[in-house]
Amino acid sequence: MKSIIYTACFLFSGVLLAQEKPKNVSEETTVKTIKIDNGREVTEKKIKVTTKEEQEIKLDEDDKNKVNQSIVASPKKVTKTVEVDSDHDVFYDSKLQTAQYVCDGTMYDFDRCDTGFKVVAVKNDNDVNFGNAIQSSTKNHYFFRSDKYSGIGYFNSQGNFTVEYFDENKNKLVKQEFVAVKDIQ
């Protein structure tokens, strides 16, 4: 009887694990060492940049019952992680995760923080804090606040960040969409 129960548990757990959606994942890591001479001593800092691209594999519905099915283009999620090591131990001292988006022709970096993420506008190689998104208790929903507007934000099924807010001048609800950089190509 025990063997039947163990076999059933093993088969059931195998079915649950097999339900994960397939993804193409590529990751590139570069490490640079910078030497700083302040006149008294030379110090080294290591900067490690890891760029990870994830793309869900979607198959063409027209090829549903075929052996060799065509892959349909789907959006990529790009995450950049920057780590800095300022001392001589083997651990990196600071870490920053960034994803890039475009809205109305302006590039934005979404920098992860403890409460959600910061939205930084990148204009002429100058970074300007545009707004903050604070994660709510509801999954995938954020309270978004900038100098221009405040509203509720969420990531849609394409991976783009949408903010809905009330525009008093237009007297209606407005949607502002930040499009993931890889989706534009």
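Conventions we followed
- Residues numbered from 1 in each chain as written.
- Predicted model: local features only at pLDDT ≥ 70, side-chain atom pairs only at ≥ 80, totals over all residues.
- Heavy atoms only, no water.
- Helix = DSSP H or I, 4+ residues; strand = E, 2+ residues; numbered from the N terminus.
- Buried < 20%, exposed > 50% of the residue type's maximum accessible area, 1.4 Å probe, protein only.
- Core = buried A, V, L, I, M, F, W, Y, C linked by side-chain atoms within 4.5 Å.
- Contact = heavy atoms within 4.5 Å.
- Salt bridge = Lys/Arg side-chain N within 4 Å of Asp/Glu carboxyl O.
- Phe/Tyr/Trp six-rings, centres within 6.5 Å; stacked < 30°, edge-to-face > 60°.
- Pairing = 2+ DSSP bridges.
- pLDDT = per-residue confidence, 0-100.

(A) A look at the overall build of the chain. From N to C terminus, the chain includes two helices and 13 strands. A burial count over the chain gives 25% of its 185 residues as buried.

(B) Just the nonpolar core, in detail. The biggest cluster of nonpolar side chains holds 19 residues, and the ones touching the most others in it are Y108, F110, V119, F130, F144, F161 and F178. Looking at this core, the elements with two or more residues in it are strand 6 (94-103), strand 7 (106-113), strand 8 (116-123), strand 9 (126-135), strand 10 (141-146), strand 12 (161-167) and strand 13 (172-180). Dropping the residues within four chain positions of it, F110 is found in contact with Q97, T98, A99, Y101, F117, K118, V119, F155, F161 and F178.

(C) Focus on the pattern of salt bridges. Going through the model one piece at a time under the given rule, you end up with two salt bridges. When the shortest N-O distance is used, the salt bridge between K66 and D63 registers 3.4 Å. With a relative accessible area of 8%, D63 lands in the buried category. A salt bridge links E164 to K175; its shortest N-O distance comes to 3.8 Å. With E164 in strand 12 and K175 in strand 13, the pair connects residues that are 11 residues apart, well separated along the chain. On the accessibility criterion, E164 (24% relative accessible area) is partly exposed.

(D) Spatial organisation of the packing of aromatic side chains. What the rule picks out here adds up to 21 aromatic pairs. On the numbers, 5.3 Å between centres and 80° between planes, the contact of F117 with F161 is edge-to-face. Of this pair, F117 sits in strand 8 while F161 sits in strand 12; the two residues are 44 residues apart in sequence, bridging distant segments of the chain. Of the two residues examined, F117 and F161, each falls in the buried class. By way of ring pairs, the aromatic residues Y101, Y108, F110, F117, F130, Y142, F144, Y149, F155, F161, Y165 and F178 are connected into one cluster.

(E) Here's a closer look at the pairing of strand 10. The alternating pattern of strand 10 places Y142, F144 and S146 on a buried face, while none of H141, F143 and R145, on the opposite face, is buried. Pairing geometry for strand 10 and strand 11 (residues 150-155), over five bridges, is antiparallel. Its bridge partner being in strand 11, F144 is matched across the sheet by G151. Connecting strand 10 to the antiparallel partner strand 11 that follows it, the hairpin turn spans three residues.

(F) Spatial organisation of unusual backbone geometry. Although it is not a glycine, D104 adopts a positive phi angle of roughly 50°. For D104, the position within the fold is in the loop between strand 6 and strand 7. Its relative accessible area of 70% is what places D104 among the exposed residues.

(G) Structural detail: the confidence of the model for the chain. Averaged over every residue, the pLDDT of the chain is 80; the share at 70 or more is 79%. Taking the mean pLDDT of every element in the chain, the minimum, 55, falls on helix 2 (residues 181-184) and the maximum, 94, on strand 10.

(H) Representation of the pairing of strand 12. Most of strand 12 sits inside the fold, with five of its seven residues counted as buried. Where strand 11 meets strand 12, four bridges bridge the pair, whose relative direction is antiparallel. Looking at the pairing, G153 lines up with V163 of strand 12. Connecting strand 11 to the next strand, strand 12, in antiparallel fashion are five residues, including G159 with a positive phi near 90°. Sheet topology places strand 12 next to strand 13; seven bridges connect them, and they run antiparallel. Each bridged residue has a counterpart across the sheet, and for F161 the counterpart in strand 13 is F178. Between the end of strand 12 and the start of strand 13, which pair antiparallel, lie four residues, with N171 showing a positive phi angle near 55°.

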